[in-house]
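Chains, contacts and geometry: an overview
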Amino acid sequence: MEKSKQEHQIIDESYENAVSALLSPLHQSTTPSAIRAAAARRKATLQDMHVYLRRLGLDLNDAPSPSSSSFSSQPPPLILHVTGTKGKGSTLSLCESLLRRHHNLHTGMFTSPHLVDIRERIRIDGRPISKENFGKIYWRGRRSLER
């Protein structure tokens, strides 16, 4: 089977290229008709989220059971998915803080949009990721989601 041109293309995984790609018209609906079309596609968002998580390697249906030998070595991920029109970022920030400070858990958080710096969208243990990691994670995630 012949590989596609895209597979042969080497992508510069820099922070600058990741930001440019993320903010491109490919990812952003910019006209009223494009916004309506994007909204019309969102009919099964919970099911879609399960598909996206599986593509990223997080299959919640395959979480180890208590009787599984791997249960104690690697617990299933805890995922909070907050939706709505107002207060998502504040709600997630509060939850993240409580999980880290009161339960000693490591956290990762993705929000959108950002307020000042696009790296605010992805935080690890309460801190925005580095520019280098933003680029690497964006391109790895994009490749996984495009499968």
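As shown above, the structure is provided for reference.
First, a word on scope: everything that follows refers to the structure included in this document. For clarity, every value in this text was computed on a predicted model and none was experimentally measured.

Cut-off values and rules
- Residues numbered from 1 in each chain as written.
- Predicted model: local features only at pLDDT ≥ 70, side-chain atom pairs only at ≥ 80, totals over all residues.
- Heavy atoms only, no water.
- Patch = residues over 30% accessible without salt bridge, like charges linked within 9 Å, V, L, I, M, F, W, Y side chains within 5 Å.
- Areas by Shrake-Rupley, 256 points an atom, 1.4 Å probe, with all protein chains shown as cover.
- Salt bridge = Lys/Arg side-chain N within 4 Å of Asp/Glu carboxyl O.
- Helix = DSSP H or I, 4+ residues; strand = E, 2+ residues; numbered from the N terminus.
- Buried < 20%, exposed > 50% of the residue type's maximum accessible area, 1.4 Å probe, protein only.
- Phe/Tyr/Trp six-rings, centres within 6.5 Å; stacked < 30°, edge-to-face > 60°.
- Core = buried A, V, L, I, M, F, W, Y, C linked by side-chain atoms within 4.5 Å.
- Contact = heavy atoms within 4.5 Å.
- Polar contact = N/O pair within 3.5 Å; in protein donor to acceptor, adjacent residues only side chain to side chain.

**Observations regarding a nonpolar patch on the surface**
- The grouping of Tyr 52, Leu 56 and Leu 145 at the surface amounts to a nonpolar patch, some 250 Å² of accessible area in total.
- Here Leu 56 shows up in the loop between α4 (45-55) and α5 (88-103).
- Exposure remark for Leu 56: the relative accessible area of 42% places this residue in the partly exposed category.

**Considerations on the packing of aromatic side chains**
- Scanning all chains against the criterion turns up two aromatic pairs.
- Centre to centre, the rings of Tyr 15 and Phe 134 are 5.7 Å apart; their planes meet at 70°, and the pair counts as edge-to-face. Linking Tyr 15 in helix α2 (residues 15-22) with Phe 134 in helix α6 (residues 131-145), this pair joins segments that are 119 residues apart in sequence.
- A relative accessible area of 3% means that Phe 134 is categorised as buried.
- Plain terms: the ring middles of Tyr 138 and Trp 139 are 4.9 Å apart, the flat faces sit at 85° to each other, and that makes the pair edge-to-face. Exposure class is identical for Tyr 138 and Trp 139. Each is buried.

**Concerning the nonpolar core**
- Listed in full, the 11 residues of the largest apolar core are Tyr 15, Ala 18, Val 19, Ala 21, Leu 22, Ile 118, Ile 122, Ile 129, Phe 134, Tyr 138 and Trp 139.
- Listed by contribution, the elements that provide at least two residues to this core are α2 and α6.
- With five residues, the top contributor of residues to this core is α2.
- Setting aside chain neighbours within four positions, we find Ile 129 in contact with Arg 119, Ile 122, Ile 124, Phe 134 and Ile 137.

**Some details on the side chain of Arg 123**
- Tracing the backbone through its elements, the reader meets Arg 123 in strand β2 (residues 122-124).
- Here the side chain of Arg 123 touches Glu 96 through a polar contact of 2.4 Å, side chain to side chain.
- Filtering out sequence-adjacent residues up to four positions away, Arg 123 remains in contact with Ser 93, Glu 96, Thr 107, Gly 108, Met 109 and Pro 128.

**Quick notes on the pattern of salt bridges**
- Across all of its chains, the model carries five salt bridges by this definition.
- Measuring nitrogen to oxygen at the nearest pair gives 2.4 Å for the salt bridge that ties Glu 96 to Arg 123. Here Glu 96, found in helix α5, pairs with Arg 123, found in strand β2; they are 27 residues apart in sequence, far enough to count as distant.
- Accessibility expressed as a relative area gives 4% for Glu 96, which makes it buried.
- Between Lys 136 and Glu 132 there is a salt bridge, and its shortest N-O distance comes to 3.0 Å.

Keep in mind these numbers describe shape, not what the thing actually does.
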